[in-house]
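In case you want the letters, here they are:
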Amino acid sequence: MPNDQMLRRWRRIDVPGLELMTLSRDGSGLRIRSTVIHAGAESFGLRYCWELDASWRTRSLCVDRTDAIEQSLRIERTGDTSWRVDGADRPDLAGCHEVDVSATPFCNTLAIRHLGIAGGELLALFVDAPALTCQPSRQRYEPLGPRAWRYLDQGVSAGFTARLDLDEHGLVLKYEHLFEAF
């Protein structure tokens, strides 16, 4: 990334919704700050701050509901694939390689970077955005070309599949059925 800061905007294409994300880089890693407005049948607002190391691996994620429901969630990596949620160790999430938040396409970048160009399968720490709950979810990413991937959910939404088109930084430009950058 040529600049120390990058702005990305996504719109939902299945229901009304927007996300405005700022990605900043410093010597120790990356910080992602974002605001999400989901105006579908289940309307909600979120604000998150995602801290990554220099290898784009989650260090921590703080998510706050910004609508009438006042709720927060804090996730911290405590080992290679171990996690703490809201200050409590979560052995049920052991083995999860990366975090996947349902309300943003940003997390697909983390999974793809983790798997590398060959793609494959990983266990994700899935965050249901409106409920701010966590559970493991098996996911598969298959490369279709230099900047195109097929995502297959084998866990929470088993059977869901979508094409992901990425920009030169590995950020999602288009997430079939759900999101597009603008």
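K.L.:
Summarise helix H1 (residues 106-115); cite the residues concerned and give the values.
P.N.:
The element H1 is largely enclosed, with a buried count of eight among its 10 residues. Among all positions in H1, only Phe106, Cys107, Asn108, Thr109, Leu110, Ala111, Ile112 and Leu115 are buried. Among the residues trailing H1, Gly116 stands out with phi positive, at a value near 80 degrees.

K.L.:
Mind laying out the environment of Asp153, listing which residues take part and the relevant values?
P.N.:
Here Asp153 shows up in strand E12 (residues 148-153). Residue classification places Asp153 among the buried residues on the basis of a relative accessible area of 6%. Linking Asp153 and Tyr141, residues 12 residues apart in sequence, is a C-alpha distance of 8.9 Å. If near-sequence neighbours (up to four positions away) are discounted, Asp153 is found in contact with Ser137, Arg138, Ala158, Gly159 and Phe160.

K.L.:
Give me the pairing of strand E6 (residues 72-77): which residues, what numbers.
P.N.:
Across the two faces of E6 the burial differs, with Leu73, Ile75 and Arg77 buried and Ser72, Arg74 and Glu76 not buried at all. Bridge analysis of strand E5 (residues 58-65) against E6 gives five bridges, and the strand direction is antiparallel. Across the sheet, Asp64 pairs through a bridge with Ser72, a residue of E6. Counting the residues in the hairpin turn of E5 and E6 gives six residues. Here E6 pairs with strand E7 (residues 83-85) via three bridges, running antiparallel.

K.L.:
Hey, could you go over the pattern of salt bridges for me, with residue numbers and the actual values?
P.N.:
Counted according to the given criterion, the structure contains 15 salt bridges. Across the pair Arg11 and Glu180 runs a salt bridge whose closest N-O atoms are separated by 2.9 Å. Of this pair, Arg11 sits in strand E1 (residues 5-12) while Glu180 sits in strand E15 (residues 179-181), and the two are 169 residues apart along the sequence. Accessibility expressed as a relative area gives 23% for Glu180, which makes it partly exposed. Between Glu51 and Arg31 there is a salt bridge, with the nearest N and O atoms lying 2.5 Å from each other. Residue Glu51 is found in strand E4 (residues 44-53), and its partner Arg31 is found in strand E3 (residues 29-38); the two are separated by 20 residues along the sequence. For Arg31, a relative accessible area of 37% gives the class partly exposed.

K.L.:
Tell me about the nonpolar core, and please be specific about residues and values.
P.N.:
One broad trend across soluble globular proteins is that nonpolar side chains are buried collectively. Trp50, Ile75 and Phe106 are the most contacted members of the largest nonpolar core, which has 48 residues in total. At six residues, the largest contribution of residues to this core is made by H1. Once residues within four sequence positions are removed from consideration, Phe106 is found in contact with Trp10, Met21, Leu23, Ile32, Tyr48, Trp50, Leu52, Trp56 and Leu171.

K.L.:
I'd like a description of the packing of aromatic side chains, backed by residues and values.
P.N.:
For any pair of aromatic rings, the description rests on two quantities: the centre-to-centre distance and the angle between the ring planes. Under the criterion given, the structure shown has seven aromatic pairs. Measuring from centroid to centroid gives 6.3 Å for Tyr151 and Tyr175, while their planes differ by 55 degrees, and the two rings are tilted. With Tyr151 in strand E12 and Tyr175 in strand E14 (residues 172-175), this pair connects stretches of sequence that are 24 residues apart. Given the relative accessible area of 6%, Tyr175 is considered buried. The structure contains a cluster of three or more aromatic residues connected by ring pairs, namely Tyr141, Tyr151, Phe160, Tyr175 and Phe179. Over the face of the ring belonging to Trp56 we find Arg113, whose NZ or CZ atom lies 3.8 Å from the ring centre.

Definitions and cut-offs
- Residues numbered from 1 in each chain as written.
- Predicted model: local features only at pLDDT ≥ 70, side-chain atom pairs only at ≥ 80, totals over all residues.
- Heavy atoms only, no water.
- Buried < 20%, exposed > 50% of the residue type's maximum accessible area, 1.4 Å probe, protein only.
- Helix = DSSP H or I, 4+ residues; strand = E, 2+ residues; numbered from the N terminus.
- Contact = heavy atoms within 4.5 Å.
- Pairing = 2+ DSSP bridges.
- Salt bridge = Lys/Arg side-chain N within 4 Å of Asp/Glu carboxyl O.
- Core = buried A, V, L, I, M, F, W, Y, C linked by side-chain atoms within 4.5 Å.
- Phe/Tyr/Trp six-rings, centres within 6.5 Å; stacked < 30°, edge-to-face > 60°.
- Lys NZ or Arg CZ within 6 Å of the ring centre and 35° of its normal.

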